[in-house]
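Chains, contacts and geometry: an overview
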Amino acid sequence: MRVPARIFATESLVEAIRKDQSVQQACNVAHLPGIVRASLVMPDVHEGYGFPIGGVAAFDLKEGIVSPGGVGYDINCGVRLICTHLTKEDLEPKLKQLVHQLQRDVPAGVGSEGAIFTLNDRDLDEVMVEGARWAVKRGFGQEEDLAFTEAGGALPGANPDAVSPRARERGAPQVGTLGSGNHFCEIQLVEEVFYPEAAEAFGLGLGQVTFMIHCGSRGLGYQVCDDFLDLMRLGAKKYGIDLPDPQLVSVPVNSPEGERYLGAMRAAANFAWANRQVIMALVEKAVARVFGGDRRTLGFRLVYDVAHNIAKVEEHLVEGKKRKVIVHRKGATRAFPAGHPETPAPYREMGQPVLIPGDMGRASYVLVGTEKAMAECWGSSAHGAGRMLSRTAARRAAGRRNLVKEMGEAGVVVAARSPKTLAEEMPEAYKDVSLVVEALEEAGLARAVAKLRPVGVVKG
DNA sequence: ATGTTC
């Protein structure tokens, strides 16, 4: 190992972490050329393709590498949180109607398409360069949303020409679709506030209704990852990179292959931001249809949108000196502290919102980034609850249970297209997200702002 | 996560 692997977790979580290969994977990452400081592991870590999910690793721009496995298959999988002025009392009589309206308006499921229209090549190029701004230009949401989206909803340096025809073909009909697996659109209530000043700045008050969207770059990002894993299998050999695990395929970040991957990854990331921007507009339409009024009267506003599968060139302080590195966050959320120029102006005194979705039965959390996260983890934090059961184990454990009925009795209205997906995503399949939040706070990597309780869920 | 194995 060139650097240590560093695990941030509490004792109860370490027990879960030891059950899979995630620690070994974090150690493998520490072997890669140009890794700076440490291979970092967040408390919600679990096993992934090569790199663990819940891992953060930064590499030198000259001697370092870039690796598709360090970003993940779902490029710019991320979370978008929307607040409203609606209250628990407003919601109660209309909850079922709203869930069904959302299910009608937001396409979900494997291979889902048709939210807007199948994009032609020119439009798709624009989506991949402009990201969320493309959607706003086409009438999906407002200019103001962009300021509350990480990176303004588009990374510069996207190269649509590096995205294969097959990836384009898969992405063209999928802008504005949720997908499947752990992706969702939830109706939530602000159940607890831990840090009132930050909650107020973010627009989150007790009993308020929020909407959370969790999804990524759909088939387009998947195909980009797959294409470059293939291409880099040759590249790793060509550049003589020693890999402790073949799944860590990497090339020098400054090689033609590295540049090309980054161009394609940024294009896919921008596609994902456009996707979440369109979905937000579909949610807005559904909410307005059920409650009447418009964005302004509903207080419908973007709190924040974060990526949790991405690689970014960032400037950080290393041994007292400013240095640019390429930070791979795979199942890890950016968590910049107060005062950082990339934090939206209205939040600057608090820090960047960190959105951590939990399972559909328990809770999701809003936290805020800290100086310690910046100093020790490249401004990063955890991204979710972390699986406890594999998809197969979860399906087996669910057996013939009627999860829609069970969730309903527990106060959560669920509309899922696939019972199989629902079984894989049942609450028991996940660790308690509260334990992850507790570990983050104890480690000082984020500060809890508010707890959100799901009351309506739309899934693929 | 993924037109869930071109």
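Summary of the structure given here. (Residues numbered from 1 in each chain as written. Chains lettered and ligands numbered in written order. Predicted model: local features only at pLDDT ≥ 70, side-chain atom pairs only at ≥ 80, totals over all residues. Heavy atoms only, no water.)

Looking only at helices and strands, chain A has 17 helices and 17 strands in total. Its C-alpha atoms give chain A a radius of gyration of 20 Å, within 12% of the compact-globule value 23 Å for 460 residues. With the C-alpha coordinates aligned to their principal axes, the bounding extent of chain A is approximately 65 × 50 × 50 Å. A burial count over chain A gives 63% of its 460 residues as buried. Expressed as a percentage of contacts within chain A between residues at least 6 apart in sequence, the contacts between residues at least 24 apart total 79%. (Helix = DSSP H or I, 4+ residues; strand = E, 2+ residues; numbered from the N terminus. Rg over C-alpha atoms; globule rule 2.2 N^0.38 Å. Buried < 20%, exposed > 50% of the residue type's maximum accessible area, 1.4 Å probe, protein only. Contact = heavy atoms within 4.5 Å.)

Glancing now at empty space enclosed by the protein. With the rule as written, the count across this model stands at one cavity of 30 Å³ or more. Considering only enclosed or pocket space, the largest cavity measures out at about 60 Å³ in volume. Looking at the largest cavity, it is lined by 13 residues, and the ones nearest its centre are Phe 51, Pro 52, Gly 55, Val 56 and Ala 57. For the lining of the largest cavity, the elements supplying multiple residues, two or more each, are α2 (22-29), β2 (39-46), β3 (53-60) and β11 (321-330). (1 Å grid on protein atoms, 1.4 Å probe; cavity = no way out; pocket = protein on both sides within 12 Å on 5 of 7 lines; lining within 4 Å. Points joined across faces, edges and corners; volume = space filled by probe spheres on them.)

The next thing to look at is unusual backbone geometry. A negative phi angle characterises most non-glycine residues, just as the trans form characterises most peptide bonds. With a phi angle near 55°, Asn 76 is a residue other than glycine that sits in the positive phi range. Mapping Asn 76 onto the fold places it in the loop between β4 (65-66) and β5 (78-87). For Arg 218, which is not glycine, the phi dihedral falls at a positive 55°. Relative to the helices and strands, Arg 218 resides in helix α10 (residues 218-238).

To continue, consider helix α5 (residues 121-130). Among all positions of α5, only Asp 123, Leu 124, Val 127 and Met 128 are buried. The buried residues of α5 all sit within an arc of 135° when viewed along its axis, so they share a single face. Turned more than 90 degrees off the buried face of α5, the exposed positions are Asp 121 and Arg 122. For α5, the secondary structure elements touched by its buried residues are α6 (132-137), α8 (165-171), α10 and α11 (256-291). At the C-terminal side of α5, Gly 131 shows a positive phi close to 60°. (Arc of directions from axis to C-beta.)

Attention now goes to the packing of α10 against α11. Contact geometry for α10 and α11: axes closest at 10 Å, N-to-C directions at 170°. By the criterion of interaxial angle, the relationship of α10 to α11 is roughly antiparallel. Contacts from Arg 218, Leu 220, Gly 221, Val 224, Phe 228, Leu 231, Met 232 and Lys 238 of α10 reach α11 at Glu 257, Arg 260, Tyr 261, Ala 264, Met 265, Ala 268, Phe 271 and Asn 275. Residue composition of the contact of α10 with α11, grouped by class: 10 nonpolar, two polar and four charged. (Axes fitted to C-alpha atoms, helices over the stretch in contact; angles between N-to-C directions. Parallel < 35°, antiparallel > 145°, perpendicular 65-115°, else oblique. Nonpolar A, V, L, I, M, F, W, Y, C, P; charged D, E, K, R; others polar.)

All right, on to the protein's contact with DNA strand B then. Taken together, the neighbourhood of DNA strand B is formed by 16 residues, with Arg 170, Ser 180, Gly 181, Asn 182 and Arg 391 sitting nearest. For DNA strand B, the fraction of atoms within 4 Å of the protein that belong to sugar or phosphate moieties is 59%. The contact in question runs from a base oxygen of DNA strand B to an N or O atom on the side chain of Tyr 222, over 3.3 Å. Secondary structure elements with two or more residues in the surface near DNA strand B: α8 and α10. It is α10 that contributes the most residues to the surface near DNA strand B, three residues altogether. Each residue belonging to the surface near DNA strand B can be placed in one class, and the counts come to three nonpolar, eight polar and five charged. (Near = heavy atom within 4 Å. Polar contact = N/O pair within 3.5 Å; in protein donor to acceptor, adjacent residues only side chain to side chain.)

Attention shifts here to the environment of Arg 104. Structurally, the position occupied by Arg 104 is in helix α4 (residues 95-105). A sequence separation of 267 residues divides Arg 104 from Glu 371, and the C-alpha atoms of the two residues are 43 Å apart.

The subject of this paragraph is α11. Under the 1.5 Å per step criterion, the end-to-end length of α11 is 53 Å for 36 residues, consistent within 8% with the ideal 52 Å. Where burial is concerned, most of α11 is hidden: 30 out of the 36 residues are buried. Positive phi shows up at Gly 292, right after α11, with a value of about 75°. (Expected span 1.5 Å × (residues − 1).)

Bringing the packing of α4 against α11 into the picture now. At a closest axis distance of 9 Å, the pairing of α4 and α11 adopts a crossing angle of 140°. When the axes of α4 and α11 are compared, the crossing they make is right-handed. Within the contact between the two elements, α4 uses Gln 97, Leu 98, Gln 101, Leu 102 and Asp 105 and α11 uses Leu 282, Val 283, Lys 285, Ala 286, Val 287, Arg 289, Val 290 and Phe 291. (Left-handed = near helix turned anticlockwise from the far one by under 90°.)

We now examine the nonpolar core. Nonpolar side chains in soluble globular proteins generally cluster together in the buried interior. In terms of nonpolar packing, the biggest core is built from 112 residues, with Ile 187, Phe 202, Leu 204, Phe 211 and Val 283 touching the most fellow members. Residue contributions to this core peak at 20 residues, all from α11. Leave out the neighbours within four places in its chain, and Ile 187 touches Leu 91, Leu 95, Leu 98, Val 99, Leu 102, Val 209, Thr 210, Phe 211, Arg 453, Pro 454, Val 455 and Gly 456. (Core = buried A, V, L, I, M, F, W, Y, C linked by side-chain atoms within 4.5 Å.)

Take the sheet that holds strand β10 (residues 309-318) next. Spatially, the five strands line up as an open sheet ordered β1-β2-β3-β11-β10, and their pairing is mixed. Sheet topology places β1 (5-7) and β10 at the edges, where each strand pairs with a single neighbour. If you compare each strand with its neighbour and ignore which way they point, the axes differ by 25° on average. The sheet contact formed by β10 and β11 spans 10 bridges and is antiparallel. Looking at β11, one finds that Val 318 is bridged to Lys 321. Most of the contacts of α2 go to β2, to which it runs at about 160°, and overall it touches β1, β2 and β3. (Pairing = 2+ DSSP bridges.)

Tracing the backbone shows Asn 275 in helix α11. If sequence neighbours within four positions are ignored, Asn 275 has contacts with Gln 174, Val 175, Gly 176, Thr 177, Cys 215, Gly 216 and Arg 218.

None of the figures reported here should be taken as evidence of function without further support.
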